[in-house]
Amino acid sequence: MVNEKRQIVIPGETIVSGNEFLPGDGAYRDGTEVVAGRYGIANIFEKHVRVIPVSGAYYPRRGNTIIGTIVDITFNGWLIDFGGAQNAFLPVSEVPRYINKNEMREFLDFGESVIVKVWDVKSRGVDASMKMRGFGKIEGGMIVSVGPNTVPRIIGKEGSMVKLIKGATGCDVTVGQNGKVWISGKDTDGEVATRKIIEFITGNATIAGLTGKVENFIKELGLSVNKVEIVAEDTDVEEAN
Amino acid sequence: MASLYEKRFDGRAVGEVRPMIAKVGIVPSADGSASFETGGTKAIAVVRGPRTLHPQHMQNAQTGILRVSYGMMPFSVWDRIRPGPSRRSEEIGKVCEWALDSVVDLSGFPNTVVDVFIQIPKADAGTRVAGLNAAAMALAHAGIPMKEMITAIAVGKADKTLLVDVDKAEEDFHDGEGATDIPLAITSRGKEISLLQLDGKISPAELSEAIEMGKKACDDILKVQMDALKNVTGENNE
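Residues numbered from 1 in each chain as written. Chains lettered and ligands numbered in written order. Predicted model: local features only at pLDDT ≥ 70, side-chain atom pairs only at ≥ 80, totals over all residues.

Asks: Just checking my understanding: could you explain the sheet that holds strand β6 (residues 150–158) of chain B for this structure?
Replies: The strands that make up a sheet pair up through hydrogen bonds in the backbone, lying either parallel or antiparallel. Residues and elements named next belong to chain B. Strand order in this open sheet of 4 strands is β7-β6-β8-β9, and the pairing throughout is antiparallel. Lying at the two open borders of the sheet, with one neighbouring strand each, are β7 (161–164) and β9 (193–196). Strand-to-strand twist in this sheet, taken as the mean axis angle between neighbours without regard to direction, amounts to 20°. Packed onto the sheet, helix α1 (residues 87–101) meets β6, β8 (179–187) and β9 and runs at close to 170° relative to β9. (Pairing = 2+ DSSP bridges. Helix = DSSP H or I, 4+ residues; strand = E, 2+ residues; numbered from the N terminus. Axes fitted to C-alpha atoms, helices over the stretch in contact; angles between N-to-C directions. Contact = placed C-beta atoms within 7 Å.)

The structure is reproduced here in structure tokens:
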């Protein structure tokens, strides 16, 4: 028996047959067969069958880093639009400083952008938190929309691609799993170069051996590929699930 | 008496569908998109969502809802189609919505809506079934939870001859018993009928035979849909 296998499946397609298999995310049981309940890559790990999405809208998961904008302020928190099905709620208690509830707009006002962590995902919405290093209000820099499905390529294996970009341009790059990237640097030139590199990655997201091509692209821009490891790691690095 | 329509105008066998082309991921700004072409008919489907539904009184707190709109482009036929919603386009949007609703599961996204936009850039009969084929692929591409796929085909009858994938010339066949047009949608796994309309005259025995012919043709269409979904290369989701 194969332990792990990958293949693209479409809804209604039989992934595997046998009562010993357990359907997980995106799969369901029909008689003795485990069937795909959505389009994606079938992943069979031991006896657990899942379908991993490869396209479509962003679905938040616990622990994700997301970048969004404030769309509403309630008496005890903020509502953040991050491009998902529902808005995320950031309670005052999940902000790491004292907030005067009468002056909530002093800290976060309508239209301002934030980096937050997905604390909990319920069917009725997402709870967010800011209580960790690297999260907070976005000031300066630029936000680039890339689409959620290219995010794993921008991050790279164990954050290698982000490190490469940071090393080349000296800009801070924070990748939100919802497909938004915040670039912040000392000058606009560096930010524009960073943005060009990120757009190059998203334009070639399906190509194998992307790191080498990105290195060449960085050299074409007149920058040097800096191999030094960045010590201050403030990007939430996650593997492509 | 023999049928007045024995040899098809374009030389196809009675059970033969027109050449099909399916593409996925054709609209970069959408969550999911697809096009489906058979002969002179082409449909584009774009999916947006799930996203919060407004106005709020339309929201369902137990499940997300599916909303399908269908429209023919003004230049899709030889004379001009008046742009904007019409009685016909509203009806087709609604029957497509019901056909797709039976396989889509939006219970995980309460208070939201999934919008499906079907547009017909060129029409030579069978636009609603081409639209359904494209919409099913676009929904799958958008990562919407679905129990199975939908495949659709228009079967029909010209005089006494049963036909698969009727084109416009056959739809307008006037001699003898005239033409009958039966759009049909089948689910890919359960092989259940999720859309069945009938325009014209047909006997019960002929109808079940026509449905069987349609089911057989749907297997070919499903292969085309699967190929398109499995070989998405230039994935762009900016």
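Picking up where we left off.
Asks: Hey, could you run me through helix α2 (residues 127–141) of chain B in this one?
Replies: An α-helix turns once per 3.6 residues; consequently, residues spaced three or four apart project the same way. Residue and element names in this part refer to chain B. Taking 1.5 Å of rise per residue, the 15 residues of α2 would be expected to cover 21 Å, and the 21 Å separating its terminal C-alpha atoms lies within 8% of that figure. Counting buried positions along α2 gives 15 out of 15 residues, so the element sits mostly inside the fold. G143 lies just past α2 and shows a positive phi near 75°. (Expected span 1.5 Å × (residues − 1). Buried ≥ 20, exposed ≤ 12 C-beta atoms within 10 Å, placed from the backbone.)

Asks: What should I look at first to understand the confidence of the model for chain B in this one?
Replies: Caution applies to low-pLDDT regions: their predicted coordinates should not be interpreted in detail. Residues and elements named next belong to chain B. The predicted model of chain B averages 92 in pLDDT, with 97% of residues at 70 or higher. Of the regions scoring below 50 in pLDDT, residues 234–238 engages in 18 contacts with residues more than four places distant in sequence or in other chains. For this predicted complex, the interface confidence reaches an ipTM of 0.87, while the overall pTM sits at 0.86. (pLDDT = per-residue confidence, 0-100.)

Asks: Even after reading the chapter, I still don't get helix α4 (residues 204–230) of chain B, so can you show me in this structure?
Replies: Residue and element names in this part refer to chain B. Its 27 residues give α4 an end-to-end C-alpha distance of 39 Å, which sits within 8% of 39 Å, the value for a rise of 1.5 Å per residue. Buried within α4 are the following residues: A210, M213, G214, A217, C218, I221, L222, V224, Q225, M226, A228 and L229. Packed against the buried residues of α4 are β1 (20–24), α2, β6, β7 and β8.

Asks: Help me understand the sheet that holds strand β5 (residues 33–36) of chain A, please; the structure alone is not making it clear to me.
Replies: Residues and elements named next belong to chain A. Pairing is antiparallel across the open sheet formed by 3 strands, whose spatial order is β2-β5-β4. Strands with a single pairing partner mark the edges of an open sheet, and in this sheet they are β2 (14–17) and β4 (27–30). On average, each strand axis in the sheet is tilted by 30° relative to the strand beside it, whichever way the strands run. One ladder, built from 4 bridges, connects β4 with β5; its direction is antiparallel. Pairing of R29 across the sheet is with V34, part of β5.

Asks: Honestly, the environment of V27(B) in this entry has me stumped. Any pointers?
Replies: Residue and element names in this part refer to chain B. The residue V27 is located in the loop between β1 and β2 (32–38) in this model. In the structure, V27 is positioned 25 residues away from A2 in sequence and 48 Å away in space, judged by C-alpha atoms. Contacts of V27, omitting those with residues within four sequence positions, involve S33 and V46.

Asks: What is the right way to look at the nonpolar core in this model?
Replies: The tendency in soluble globular proteins is for nonpolar side chains to be buried side by side. Ranked by internal contacts, the top residues of the largest apolar core, which has 90 residues, are A45(B), L100(B), V116(B), A135(B) and L139(B). Residues within four places of L139(B) in sequence aside, it is in contact with G32(B), V47(B), L100(B), V104(B), V116(B), I144(B) and M146(B). Membership of the second largest hydrophobic core comes to 42 residues, among which are A88(A), V116(A), I201(A) and V214(A). (Core = buried A, V, L, I, M, F, W, Y, C linked by C-beta atoms within 7 Å.)

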